[in-house]
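Spelled out from the first residue to the last, the chains are:
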Amino acid sequence: MPLLPFTSQLIADVGISFGDEGKGRLIPEVIEELRTTPASVSVVFKVNGGSNSGHTAGGIKLNLLPAGVVAAAVPHLAIGAGVVADPRKFLWEGRPLEKKGYAIFSRLLIDERTLVTDLSHRLLDLAWEDYRVNILQEEARGSTGRGITPAYQDETGQWQITYADFLGGPNFFARKIAARADRACRTIQHVCQVKPAAWDAFFEKLTAAETRANAEAVELGLFPAQEFDFLRFKGAAPFTLNVEALSAAYWEAGQALVRNIGEVRELVLRELAFGHSIVGEFGQAYWLDKRHGYSPNVTASHTFTPEFFESAGIPVQAIHTIGVAKAYDTKVGTHTFLTQMDDARPLTQRLKQLEFGTTTGRQRMVGWYDAVEKGDALRYGGYQDFMINKIDALSGADELLICTAYEDASGKRYGHVPRNEALRKTLRPVYSKHPGWAEDISGVRHFADLPRNAQRYTAAMVRTLIEVAYPDKLPATLPNLRYLGVGPEPSQIIKDVPATAALLALR
């Protein structure tokens, strides 16, 4: 069937699992689909999170910049007020991309109210993990160490430093940074109770990580190696910082971005008035939202459609949401993972070879497709379209499972995700079973050309999440499976999936 028109000029790209669904690859598809229309995409807008939300688009791995980077036809790359961003990271990520021919800083607009993150937040991130493990004797949370949660804590604690502060004078900025550094150091020493040796190790860990991550930029001559040496910010005594060096480095980075700081809200309203489309790129996913997910395995931002309006600073209005998932599930950290696959399965080992975090490089756990989670994201979050990626990775499996409900020890079934984590941990998945296929489907471009069992499995993924979302009565308009990913390359997408009503009937 032909692709259905979008229902709004505002388009939200959200995850409907636990992140890592392939949201980055959706952006170029939407841009290309609208490229020759009057409603062409003029803004790709990062809505939430920071450099913890890695995406891959067009073969380029991105952390902080939106995936619109890879589409030269998009004139504006925007960073919303709901984002927390290290100014040095914009330079570290942007300059190598410019060297490779991507226009970055001529298109980049950072909202004045975007929050400035710095080294103190990263130190706090590591310190709270140390506290969790060594003082509370709990399992490590598995933080990215990018300082995202401490940055949002500064927002809620009324200690904001925003990009508007780079438009003022250096002394005012320096006082704010000094106060922030003082709070961080006192918290790390007296609340987190970090040992001096661990304090020293934090700087060594950050230096090693960023030196490795930015090796190419050093080789290209874009930065000296010292740029990624965090030891220069360490004070002479334990739990102190060289505040002058810290302030100078961040002020310098901010001044390099002054021309990129402005009002995203005005940009979005102007482009809407011109008839263009704006794509909001979300980090993480519905089940990692700080309010609707399960602490401590959540992020510190809001990760679903309503945050589009808060971050852009515009009135709430009609928006077209596309939910993104994979044909199986993955998680990182210490999540409760009800559908986790047995490591003894050959399929598990094959999938694990594919699954590493874009930002952290961490090995992801893999599990069966959980229709309960995705159906709840539809029922309570809502989306008009969805995209399912990586169905090609399941080729060769004799049998595939889909989680359709949860069950407790007494046999009581749960058709939705319990909001009580203590209860959720006690449940086991109820599966439907589906025959697999042997064929390599990475070269297939039409749904009709898929093996029959791959068609049936696709239909089952759609049908089961619809049944979870609407157990009593189907709505007049059902969400549409707009794209089906059969490989990592931009061309490896099926775009003629039958209408949802037809998939519901396919057995």
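See the structure shown above.
First, a word on what this report is: a plain description of the structure on this page. (Residues numbered from 1 in each chain as written. Predicted model: local features only at pLDDT ≥ 70, side-chain atom pairs only at ≥ 80, totals over all residues. Heavy atoms only, no water.)

**Details of the overall build of the chain**
Each helix and strand in the chain was counted, giving 15 helices and 20 strands. At 23 Å, the chain has a C-alpha radius of gyration in line with the 23 Å of a compact globule built from 507 residues. Viewed in the frame of its principal axes, the chain has a C-alpha envelope of about 70 × 55 × 40 Å. Classification of the 507 residues of the chain by burial places 56% in the buried group. Long-range pairs, those at least 24 residues apart, make up 77% of the contacts in the chain between residues at least 6 apart in sequence. Element-wise, carbon and sulfur atoms account for 52% of the exposed surface of the chain, whose accessible area totals about 20600 Å². Counting 56 positive and 58 negative side-chain charges, the chain places the centres of these two groups 1 Å from one another. (Helix = DSSP H or I, 4+ residues; strand = E, 2+ residues; numbered from the N terminus. Rg over C-alpha atoms; globule rule 2.2 N^0.38 Å. Buried < 20%, exposed > 50% of the residue type's maximum accessible area, 1.4 Å probe, protein only. Contact = heavy atoms within 4.5 Å. Areas by Shrake-Rupley, 256 points an atom, 1.4 Å probe, with all protein chains shown as cover. Lys, Arg positive; Asp, Glu negative; His and termini not counted. Charge placed at Lys NZ, Arg CZ, Asp CG, Glu CD.)

**Let's talk about the nonpolar core**
Core analysis: the biggest nonpolar cluster contains 77 residues, and Phe 45, Phe 308, Ile 391, Leu 394 and Tyr 457 have the highest contact counts within it. Broken down by element, this core gets its largest block of residues, 9 residues, from helix H14 (residues 452-469). For Tyr 457, the residues in contact, after removing those within four places along its chain, are Ala 327, Tyr 369, Ile 391, Leu 394, Leu 400, Leu 401, Ile 402, His 434 and Trp 437. Among the nonpolar cores identified, the runner-up in size contains 71 residues, and Ile 188, Ala 217, Phe 239 and Leu 257 belong to it. (Core = buried A, V, L, I, M, F, W, Y, C linked by side-chain atoms within 4.5 Å.)

**Considering empty space enclosed by the protein**
Evaluation of the coordinates by the stated rule reveals 3 cavities of 30 Å³ or more. Roughly 90 Å³ of internal volume is contained in the largest cavity. Taken together, Ser 51, Val 84, Asp 86, Lys 89, Trp 92, Thr 117, Asp 118, Arg 122, Arg 146, Ile 148 and Glu 210 make up the lining of the largest cavity. Within the lining of the largest cavity, the residues separate by chemical class into 3 nonpolar, 2 polar and 6 charged. (1 Å grid on protein atoms, 1.4 Å probe; cavity = no way out; pocket = protein on both sides within 12 Å on 5 of 7 lines; lining within 4 Å. Points joined across faces, edges and corners; volume = space filled by probe spheres on them. Nonpolar A, V, L, I, M, F, W, Y, C, P; charged D, E, K, R; others polar.)

**Here we look at helix H2 (residues 87-99)**
Counted at 1.5 Å a residue, the expected span for H2 with its 13 residues is 18 Å, and the 19 Å between its end C-alpha atoms agrees. For H2, the tally of buried residues reaches 10 of 13 residues, placing the bulk of the element in the interior. When we look at burial in H2, the residues that qualify are Pro 87, Arg 88, Lys 89, Phe 90, Leu 91, Trp 92, Glu 93, Gly 94, Pro 96 and Leu 97. N-cap assignment for H2: the residue whose side-chain oxygen lies 2.8 Å from the backbone N of Arg 88 is Asp 86. At the exit of H2 stands Gly 101, carrying a positive phi of roughly 105°. (Expected span 1.5 Å × (residues − 1). Polar contact = N/O pair within 3.5 Å; in protein donor to acceptor, adjacent residues only side chain to side chain.)

**With respect to the environment of Lys 61**
Take Lys 61: it is sitting in strand S4 (residues 60-62). Assessed through its relative accessible area of 62%, Lys 61 is described here as exposed. For the pair Lys 61 and Ala 201, spaced 140 residues apart in the sequence, the C-alpha separation amounts to 28 Å.

**Looking at the pairing of strand S2 (residues 41-46)**
Each regular strand carries side chains that alternate between the two faces of the sheet. Within S2, 6 of the 6 residues are buried, which leaves it mostly tucked inside the rest of the structure. Examined bridge by bridge, S2 and strand S5 (residues 76-79) share 4 bridges and lie parallel to one another. Its bridge partner lying in S5, Lys 46 is registered against Ile 79. (Pairing = 2+ DSSP bridges.)

**A short note on the pattern of salt bridges**
On inspection of all chains with the given rule, the structure shows 27 salt bridges. Between Glu 355 and Arg 364 there is a salt bridge, with its nearest N and O atoms 2.5 Å apart. Judged by relative accessible area, which is 0%, Glu 355 ranks as buried. If you follow the salt bridges from partner to partner, you end up with Asp 20, Lys 326, Glu 355, Arg 364 and Lys 390 in one network. (Salt bridge = Lys/Arg side-chain N within 4 Å of Asp/Glu carboxyl O.)

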